[in-house]
Amino acid sequence: MRVLIVEDEYLLALELADRLASLDKEIEIAGRTDSILSTVEWLQHHECDLMFLDVHLSDGLSFSIFDRVEVKCPVIFTTAYDHYAIKAFEVNSIGYLLKPIDEEDLRKALLKYKQMRSLFRADLDNLLNYLGKPTGEEKVPISRIMLSTGKAQMAMNVDEIAYFLANGRYLYAVDRKGDKYFCDGTLYKLEEELDTRMFFRLNRKYIVNFSSVAYFTHYSKSRVKVKLIPQAEEEIIVSADKVKEFKKWLVR
């Protein structure tokens, strides 16, 4: 279990790392960051299974991290304040621990993560979809999106977009003619906002429009390779655990 600790107080970060190691020998501290900026940069280049995230960081509230980068793991928030709990559970939160962190509360939070991981069989896409499931009235998918190229900005109907591409810290939209535009936000946020009947998340880099899928072919280890129109700049591979969902989406 690879864990990222986000805490701007160095001694508290070390203490949490020691306590986690004593509670579970399978835990590996994959990284430690102390600010919004350093956390965003870390997540852009690394992966982890679970994140312990302090609410108050040196450069602001950590909730803004979710607006800047795709967070691909469940999160346990740590804070001295209880009034951010509702906000925490609007994102990937599976736990909310008040400082000073009680040993039993920490143990229960780890147990909850393991139970959820077992339930979803380590399928992070399904787990994150579950954690981010809206309550109350169902959200209406967006029909237009703001894009930019150079200094020019424009709004475009989403059905004119062939696919979205995440490349490093940038997110692009490619239209049916093959023109490429900058797009604000993250692939994860877009996945929540788009019509799932029209768009599908193929992997960690691509969300595609149904009409842009030309065909797919079988690839190694039960994966498939997808050909898009207009053609993408690289091979697009769908992992084995998403192939069944992808095929089901194609005939929905």
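In the block above lies the structure referred to throughout.
Draft legend 1. Geometry of helix α8 (residues 240-250). Among all positions of α8, only K242, V243, F246, W249 and L250 are buried. Buried residues of α8 fall within an arc of 130° about the axis and therefore sit on the same side. Among the exposed residues of α8, those oriented more than 90 degrees off its buried face are D241, K244 and K248.

Draft legend 2. Molecular detail of the sheet that holds strand β11 (residues 170-175). With respect to topology, seven strands assemble into an open sheet ordered β9-β8-β12-β11-β10-β14-β13, the strand pairing being antiparallel. Edge positions in the sheet fall to β9 (152-157) and β13 (199-201), since each has one partner strand and no second. For this sheet the average axis-to-axis angle between neighbouring strands, irrespective of direction, equals 30°. Two strands pair when backbone bridges link them, and strand β8 (residues 144-149) and strand β12 (residues 180-183) are joined in this way by two bridges, in the antiparallel orientation. Bridge assignment links L147 to a residue of β12, and that residue is C183.

Draft legend 3. Up close: the packing of aromatic side chains. On inspection of all chains with the given rule, the structure shows 12 aromatic pairs. A centroid spacing of 6.4 Å and a plane angle of 45° characterise the contact between Y170 and Y172, whose relative ring orientation is tilted. Members of the aromatic cluster, connected to one another through ring pairs, are F200, F210, F216, F246 and W249. Positioned above the aromatic ring of Y172 is the side chain of K180, whose terminal nitrogen or guanidinium carbon lies 4.4 Å from the ring centre.

Draft legend 4. Seen up close, helix α1 (residues 10-23). Here α1 spans 20 Å end to end across 14 residues, near enough to the 20 Å set by a 1.5 Å rise per residue. Considered for burial, the residues of α1 that qualify are A13, L16, A17, R19 and L20. Looking straight down α1, one finds its buried side chains confined to an arc of 165°; they lie on one side. Every exposed residue of α1 that faces more than 90 degrees away from the buried side is listed here: Y10, L11 and D18.

What counts and how
- Residues numbered from 1 in each chain as written.
- Predicted model: local features only at pLDDT ≥ 70, side-chain atom pairs only at ≥ 80, totals over all residues.
- Heavy atoms only, no water.
- Buried < 20%, exposed > 50% of the residue type's maximum accessible area, 1.4 Å probe, protein only.
- Helix = DSSP H or I, 4+ residues; strand = E, 2+ residues; numbered from the N terminus.
- Arc of directions from axis to C-beta.
- Pairing = 2+ DSSP bridges.
- Axes fitted to C-alpha atoms, helices over the stretch in contact; angles between N-to-C directions.
- Phe/Tyr/Trp six-rings, centres within 6.5 Å; stacked < 30°, edge-to-face > 60°.
- Lys NZ or Arg CZ within 6 Å of the ring centre and 35° of its normal.
- Expected span 1.5 Å × (residues − 1).

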